[in-house]
Each structure stands twice: as structure tokens, then as C-alpha cells.
Amino acid sequence: MPDMRYRSTRGGVTGQSFADVLLAGLAPDGGLFVPETYPSLSPARLEDLAGASFADAAAAVLPLFIGQDTPHFADTAWDRFAHPATTPLVQMGADDFLLELVHGPTLAFKDVAMQWLGPMFSDGLAKAGRQMTIVCATSGDTGGAAVEAMAGRQATRLCVLHPENRISEVQRRFMTTVAADNVMNLAVRGTFDDCQSLVKAMFADETFRHQVGLGAVNSINWARIIAQTIYYVTSSLTLSRQGGVVHYAVPTGNFGDILAGWVAKRLGAPVGHLIVATNENDILTRCLSTGSYRPDRVVETQSPSMDIQVSSNFERLLFEASGGDADLVRHLMHQLKTEGGFDVPTQVLSTITEEFSAYRVDEEATADKMATVFAQSGRLIDPHTAIGLAAAERGRQAGLQGPIVTLSTAHAAKFPAAVEAATGVAPTLPPHVRDLFGRPEHMISVDAELEAVKGQILHSFAL
Ligand SMILES: *Cc1c(COP(=O)(O)O)cnc(C)c1O
């Protein structure tokens, strides 16, 4: 079988290998990498995988996307997950389930992809004889997951920028309490937008970019998507009855996690309808109901990891749903930049809504869901998961039949204030991270100023 080749959603590049795609992140034409053709698992192979462990499913799925000769680390990458099933299913109702993606080192679903990205990046860079300085602006979950993934790894350095005093203590501690020479945390005296602008400015600075070997691990990286297809494969095969499908409700921000469900379906996994669950930042809900994709102002909610108005991975779905029309995608993305939005062509929209629906869950409904789940089951769920469950319920009311799985994307203890406000109970940290508040923190405070940040990176990593 020839190895998978990748092309850009904007048509400027084709024929890229997985190794190219892994390290580049974004395509040089500004587009996102997608497979030239989607691989699939044969019915016999799928039957074999029913009941397989997470690692065994990973070992079957990953080579389809990365090639047979690329090491895939499936047997060790998820060792740090604190649950023997890695991503266990929990039954919530007759045909309603939670898929817990929260047992990794930072208690959020981003660990699933990042724990794999760590060894993959290290290996890819070592083979290319390169070193990379990864910079990452975070408003919460991504930074911690990146630190836990990259700490101590060869060929990589990681600098995480967070807005000083503007993220929760739990989130900050997941980033700042890991002591490793190749990791640096910058507490920027500014906002998250300042952090993002600083990262953009570093990438725009060609001399600096080459000097430090600048790179990123953001959610448009295709490698993150394929790591996330694994739990759709395992859970759909576990719950499928007599060849029936399993539907998913996914708390959505950048559209990476739910796109992984769509990719699992292309693989042949019995995935049915995909429910996009959004908070009050509802660009996707508006887009799927009206066809108009138009970012609004970001509003702050209890589910900050979904406080996003531009949903980057949606570009991949637009590309696929238009039959691979790179000219269309390039045109729409140009309109987004110059006119602040675009209209999805009717035919493309109807292709999308055959497989996806979307619901907006407001702040009150989110809190209500946390309260009712606690009252009915004694279980504490975080606000992101609550949005998923509320959307699943609406999907059910709209007529979905059979199993519905809601992805639980963060542990309640990661958002203690919102959980306690809704339920009256303060969630506690699980055993594997219970010492979080006793660990020493490592961070450097800097002004939101490009030269200061660049200077700190050069100095700390002795470049
Ligand atoms: C990142 C994140 C999401 C959104 O995932 P996307 O792939 O960006 O759609 C949802 N919940 C939590 C807790 C997250 O950290």
C-alpha cells in the first residue's frame, strides 16, 4: 500500500508526506492539510477491532495516516492516562453515554492528541536533524497539555505565553509546575489577544524565526486530528448494535474534535450523526442554520475553551463537503478576511447538514445541566461536558434514535468555580494530580512587548 499523501485545502500544495505535514502544521498557501484520499478499514478489520484496547486500535488506525514505516508509539504514548481504558465509556441513561477524555495528565481532552504529538515531534525532528522552538499562546487548556507533552523531549523547546493573572489557578499550575530545561512559561502582562499577537509577530519576524527554528502545535495540526479519531473508533464499535450507528455530541470550539468523528466515519467506523455543541459563541450553530459564517465578538462564558469565534478546522469540512473545491475554499477564506464573513453555498451546506447538526447552549442551560446531572447521578461534570449533554438531549428531541455518546472534554476539577456555583459542591482533583497545589511553579513575567519576549526566549534557551 503506498503511503498517504496530503494536499492543502487551498490547492497550493499536493503530494506531501505525513512527516512534512506533522512539522509544518499550516500549509504554505495558508490552507490546512487533508489526505488526498481517505483510508478505510475493511469490515473484517473493523470486526477485529471491536473490543480492542485503545492502544491496539491506535496501532491499527495510525499507520493508515502516517505510513507503515513511521514509528507510531501506540503502545506507550497514552501510558500516563490514569484509567486502564484510557478513554472509558460511562452510561448515563438507557441509550445515553459519556466518553471520558479527561484522564490524561492535565485532565482535558487535549492530552489525548498532545501525549502522542510529543514523541511524534521529537522523532520527526531527530530524523530531519532539526531542533524546533515551539511557541504557543494559551487561554487555558492547550498550554498545559503542550507542557506535559513536550517536557524533557529531545529536539524540542517549548515556550508558552499566558496572560498574567487572567487564567484560573488550576490551569496555570498545569503549565507552571512541570520542571524541565526545555520548557518555559511566560506570564505576559496583557490579555490573551496580546499573547496571540506576540506569537504572530514572532512568526512574521523572519530572522528570529530561522534563528530559533520556530514552530507550533496548534489545533489545525493534522496529527492532532488523527489521534482523536481513535476514541471514536473504539467507542462506536463498542456500542454499535447489529450494524447500527452511534451518534456523537461534541463540545466544539475549533472544530478539531468533531472533525475527528467525521474522519472516523470515513474509516468505516459506525459513526452516525455528529452534533456540534456550542456555547454562546455560536458561530457554527448560526452557520449550520442560515449558511452565513460570520464571526461575532467573543463573549466570556463558563466554558472558556470554547470561547472562539473563528473555528479553524471548519475549513477542512468545507473543502470535503464541496467535493474538494480548493478554488471555492480559497475564495471563501479571502471573503472572511476582507469582508468579515461568507455564505456557504446551498449545495455544500446541505451536504454538511446531512451529517451534522448544531445547538447553542446558553449559560443558564449549561449550569442547569451540571445541576440536574449531579442531582440524578451524583456525578460532577464540567461546563464543556454539560454543553455536550444539553446538545445531545436536543438531538434526541429532534428525532435521533439509538446510542448517543457525549464527549466529556474536561474534568470538573479543572473548572471548580463554575461547577460549585451550579451544584453547591466543590470538585476535588483526582489522585494522580492531587499534589498540584503543592508543587513549585516556574514562570517568568514579561511585558507584552515583542523585543522582551524574543529576548527571554533567546536567553532562557541559550540560543
Ligand atoms: C479545546 C476544547 C474543546 C473544543 O475542542 P475543539 O477541537 O477546539 O473543537 C472543548 N472542550 C474543552 C475542555 C477543550 O479544552
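This text follows the structure it describes.
Worth saying up front: this structure is predicted, and the values here are computed from it rather than measured.

Rules of the game
Residues numbered from 1 in each chain as written. Predicted model: local features only at pLDDT ≥ 70, side-chain atom pairs only at ≥ 80, totals over all residues. Heavy atoms only, no water. Near = heavy atom within 4 Å. Polar contact = N/O pair within 3.5 Å; in protein donor to acceptor, adjacent residues only side chain to side chain. Areas by Shrake-Rupley, 256 points an atom, 1.4 Å probe, with all protein chains shown as cover. Salt bridge = Lys/Arg side-chain N within 4 Å of Asp/Glu carboxyl O. Helix = DSSP H or I, 4+ residues; strand = E, 2+ residues; numbered from the N terminus. Buried < 20%, exposed > 50% of the residue type's maximum accessible area, 1.4 Å probe, protein only.

**Focus: the site of the ligand**
Within the structure, the ligand sits among 15 residues, and Lys110, Asp141, Gly253, Asn254 and Thr409 are positioned closest to it. Between the ligand and Gly253, the relevant distance is 2.8 Å, taken from an oxygen atom to a main-chain nitrogen or oxygen of the residue. Between the ligand and Phe255, the relevant distance is 3.0 Å, taken from an oxygen atom to a main-chain nitrogen or oxygen of the residue. Relative to its free-state accessible area of 380 Å², the ligand is covered by the protein chains to the extent of 97%.

**Let's talk about the pattern of salt bridges**
Throughout the structure, instances matching the rule amount to 21 salt bridges. Note that Arg379 is salt-bridged to Glu100, the shortest N-O span being 2.8 Å. With Arg379 in the loop between α15 (363–377) and α16 (383–397) and Glu100 in strand β4 (residues 96–100), this pair connects stretches of sequence that are 279 residues apart. For the salt bridge of Glu169 with Arg172, the shortest nitrogen-to-oxygen distance reads 4.0 Å. Taken as a pair, Glu169 and Arg172 lie in helix α6 (residues 169–176) at a separation of three residues, close to a single helical turn. By relative accessible area, which is 17% here, Arg172 ends up buried. Linked by salt bridges that have partners in common, Glu169, Arg172, Arg173 and Glu441 make up one network.

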